[in-house]
Amino acid sequence: MIKKISLIFLTVILVFFFMQPNLSYGFSKGKPDPSAPPGTWYIGDAPHVKTGSPILFVHGLTGSGATWFEPNDMYRQARDAGHPAAFINLYPDQSYWDNGQMLASKLAEMYNHFGEKIIVVGHSKGGVDTQTALLHYGAERYVSKVFTLGTPHHGSQLANLAYSNWAGWLAGIIGMRSPGTDSLRTGTMAAFRNQTDRLVGAHSVPFQTLSGRSWGSFGTSLYFGGVYLNSYGTNDGAVTVDSSRLSYANELASLSLDHYAIAEGHRVFRYLQPRLATNEQEVETQQADYGTIIRGGELNGTATQTFQLEDEIQAVTFSVLAHESLKNVTLISPNGDEHLVEAIEKEHEQSIFAGAYSHFIELDQPESGTWTVEMNSTTAGGYFAVASIDGGLTNTLQLEKDVVSALNTNPADVTYSVHINDELYVEDEALDALHTFHLPMKNNTSQTITTDYNGITKDGTPFERTVVEHLFTDERGNVFH
């Protein structure tokens, strides 16, 4: 009797084992479950006819393997093109060191399962996670090629912003300060690049990049990021084109897509197939000609903030990021005209500021002078306000020759004064002499630098010109415009 029971028990165990062949590799089949533990990986349905290498799709910050499924059609595109496909849940909020180590071990499992080297497609931070796995955790042996889509290889200024004095505590309120966000700051990524790029050699797995250069229409979820990043260059609403590039990688294209659209199959899959990635393509980056004014603070009930605009500005976009959808945001011009918010958009779930709300106002040819933003909230929190300026002299009045050119004057006919945070540091100095002064820059501080120019143009007309620049530093003392 005991032998019979033992035999039945052994049979049940064997049947269960053979019904679960995936357990030896730790993967599942079908659409990934976002709630599954990090390290869980999935394979899609086998293509009708296998014509290409297996592809692993790696998600970005706060994402999961489900990123590549409905409404995204990347999975279907890969399957229909004859590629077996795999998807993985990495840590949604951890650094590339943690994700890279995990991904390296999973790539070994996938290599054993598929029996051949794998192509990896990484979106956003997923591209950095992948490079970490390959170069720092020995996974190059399992991979033939890597494509990165909108990856911040040199970090994102939005990650800097999450830790800045201006908006860091707002990010804390809505829960987006994390090791993953921290690892994408430009200073942190500079250190990563220094450690990583030296490991790239002639026989390293080739990387190929795609970048986006659109941030959607006015008021959409990436518009705030696009407005803020404008002063850093062409961007996709989260990452600049320059940051998406690697000096040793082939750039396939810079597409008119935003940061999330660049991971959609029907838009980009044709750029990813290995046979299309044979020739390097030179892509020009549009040069930014924008100034940025930054404000931020606590918001509990009513708050007021001011912006000083120069003349000759062609357009300005006011963006207010807040912890809630504000019941009132009003922009008041120097002559008292009121402008109401034109669009309100909740930040995307994969945004650095997921959970916050962006409020937008656009104006053409705004008058010069002091503009005021009035805001009202129903709960305690915070706000971060950006004025992105197209035109004016903020960006041109940097050097003596630029002042002379912009104001049509002679150096000897111009004097200037400098205020830093409303404190006078330089007064009525001559422009035709060299003057040096040190900014009282401290960690996690903001600076408002106001330069007043006075003089006579070449045709004898007196002029006064005020140029305002805003800087802030992170807790390490890195300076950002």
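Residues numbered from 1 in each chain as written. Predicted model: local features only at pLDDT ≥ 70, side-chain atom pairs only at ≥ 80, totals over all residues. Heavy atoms only, no water.

Going by what an unreviewed UniProt entry lists, the chain is known as Lipase and is assigned to Shouchella miscanthi.

Taken in spatial order, the four strands line up as 10-16-12-13 in an open sheet, and their pairing is antiparallel. Unpaired on one side and paired on the other, strand 10 (302-309) and strand 13 (338-340) mark the two borders of the sheet. With strand direction ignored, the average angle separating the axes of adjacent strands in the sheet is 25°. Relative to strand 16 (residues 369-376), strand 10 runs antiparallel, the two sharing eight bridges. Each bridged residue has a counterpart across the sheet, and for phenylalanine 307 the counterpart in strand 16 is tryptophan 371. (Pairing = 2+ DSSP bridges. Helix = DSSP H or I, 4+ residues; strand = E, 2+ residues; numbered from the N terminus. Axes fitted to C-alpha atoms, helices over the stretch in contact; angles between N-to-C directions.)

Attention shifts here to the packing of aromatic side chains. Tallied over the full model, the rule gives 13 aromatic pairs. Centroid distance tryptophan 97 to phenylalanine 192: 5.5 Å. Interplanar angle 70°. Geometry classified as edge-to-face. Within this pair, whereas tryptophan 97 is found in helix 3 (residues 96-114), its partner phenylalanine 192 is found in helix 8 (residues 186-196), the two being separated by 95 residues in sequence. In this structure tryptophan 97 comes out as partly exposed when scored by relative accessible area, which is 28%. Arranged with centres 6.2 Å apart and planes meeting at 35°, the rings of phenylalanine 318 and tryptophan 371 form a pair that is tilted. Linking phenylalanine 318 in strand 11 (residues 313-322) with tryptophan 371 in strand 16, this pair joins segments that are 53 residues apart in sequence. The exposure class of phenylalanine 318 is buried, given its relative accessible area of 4%. Judged by relative accessible area, tryptophan 371 falls into the buried class, the value being 2%. (Phe/Tyr/Trp six-rings, centres within 6.5 Å; stacked < 30°, edge-to-face > 60°. Buried < 20%, exposed > 50% of the residue type's maximum accessible area, 1.4 Å probe, protein only.)

Across soluble globular proteins, nonpolar side chains show a tendency to be buried alongside one another. Residues Leu158, Leu161, Phe224, Tyr228, Phe353 and Phe384 are the most contacted members of the largest nonpolar core, which totals 31 residues. Per-element tally for this core: the top contributor is helix 9 (residues 223-229), with five residues. Discounting residues that sit within four places of it in the chain, leucine 158 has contacts with Gly225, Tyr228, Leu229, Gly237, Ala238, Ile352 and Phe353. Counting residues in hydrophobic clusters, the runner-up holds 26 residues, among them Phe27, Ala86, Leu134 and Val143. (Core = buried A, V, L, I, M, F, W, Y, C linked by side-chain atoms within 4.5 Å. Contact = heavy atoms within 4.5 Å.)

A separate point is the environment of glycine 226. Following the sequence through the fold, glycine 226 ends up in helix 9. Under the relative-accessibility criterion, glycine 226 is labelled buried at 0%. Sequence separation between glycine 226 and aspartate 258 is 32 residues; the distance between their C-alpha atoms is 9.2 Å. Beyond its immediate sequence surroundings of up to four residues, glycine 226 is in contact with Trp215, Asn235 and Gly237.

For the rest of this paragraph, the subject is the sheet that holds strand 2 (residues 41-43). Reading across the sheet, the eight strands line up as 1-2-4-3-5-6-7-8 and stay open at both edges, with mixed pairing between neighbours. Each edge of the sheet is formed by a strand with only one pairing partner; in this case those strands are strand 1 (27-29) and strand 8 (250-255). The sheet shows a mean angle of 20° between the axes of neighbouring strands, taken without regard to direction. Here helix 3 sits on the sheet in contact with strand 1, strand 2, strand 3 (55-58), strand 4 (85-88), strand 5 (118-123) and strand 6 (143-149), set at roughly 25° to strand 2.

This next bit is on the pattern of salt bridges. Under the defined criterion, the tally for this structure stands at 12 salt bridges. For the salt bridge of arginine 245 with aspartate 242, the shortest nitrogen-to-oxygen distance reads 3.5 Å. Note on aspartate 242: relative accessible area 43%, which makes it partly exposed. Here the salt bridges do not stand alone but share partners, grouping Asp73, Arg76, Arg79 and Asp80 into one network. (Salt bridge = Lys/Arg side-chain N within 4 Å of Asp/Glu carboxyl O.)

Time to look at the confidence of the model for the chain. Residues of the chain with pLDDT of at least 70 account for 74%, and the chain-wide mean is 78. Contacts for the low-pLDDT stretch residues 1-24, under 50 throughout, to residues beyond four places or in other chains number three contacts. Scored below 50 in pLDDT, residues 393-399 shows 19 contacts in the model against residues more than four places distant or in partner chains. (pLDDT = per-residue confidence, 0-100.)

Here the focus is helix 3. Taking 1.5 Å per residue, 19 residues should reach 27 Å; helix 3 reaches 25 Å between its end C-alpha atoms and fits that length. Burial in helix 3 covers these residues: Tyr96, Asn99, Gly100, Met102, Leu103, Ala104, Lys106, Leu107, Ala108 and Met110. Positive backbone phi, at 75°, marks glycine 115, one or two positions downstream of helix 3. (Expected span 1.5 Å × (residues − 1).)

For strand 11, the buried fraction is high: eight of the 10 residues fall into the buried class. Note that strand 11 and strand 15 (residues 357-364) share eight bridges and pair antiparallel. Its bridge partner being in strand 15, alanine 322 is matched across the sheet by tyrosine 357.

Okay, the packing of helix 4 (residues 125-136) against helix 8 next. Where helix 4 meets helix 8, the closest approach of the two axes is 11 Å, and the angle between their N-to-C directions is 30°. Where helix 4 crosses over helix 8, the handedness of that crossing is left-handed. The segment helix 4 lies against helix 8, with Val128, Gln131, Thr132, Leu135 and His136 engaging Met189, Phe192, Arg193, Gln195 and Thr196. Here the contact of helix 4 with helix 8 is composed, by residue class, of four nonpolar, five polar and one charged. (Left-handed = near helix turned anticlockwise from the far one by under 90°. Nonpolar A, V, L, I, M, F, W, Y, C, P; charged D, E, K, R; others polar.)

In this section: helix 8. Burial in helix 8 covers these residues: Thr186, Thr188, Met189, Phe192, Arg193 and Thr196. Along the axis of helix 8, the buried positions cluster into a sector of 150°, meaning they face one direction only. (Arc of directions from axis to C-beta.)

Attention shifts here to the environment of glycine 52. Mapped onto the elements, glycine 52 comes out in the loop between strand 2 and strand 3. The exposure class of glycine 52 is buried, given its relative accessible area of 12%. As a C-alpha pair, glycine 52 and histidine 83 span 31 residues in sequence and 4.9 Å in three-dimensional space. Among residues more than four places away in sequence, those in contact with glycine 52 are Gly82, His83 and Pro84.

Let us now look at the side chain of threonine 186. Residue placement: threonine 186 occurs in helix 8. We classify threonine 186 as buried; its relative accessible area is 17%. Only 2.9 Å separates the side chain of threonine 186 from the side chain of asparagine 160, close enough to count as a polar contact. (Polar contact = N/O pair within 3.5 Å; in protein donor to acceptor, adjacent residues only side chain to side chain.)

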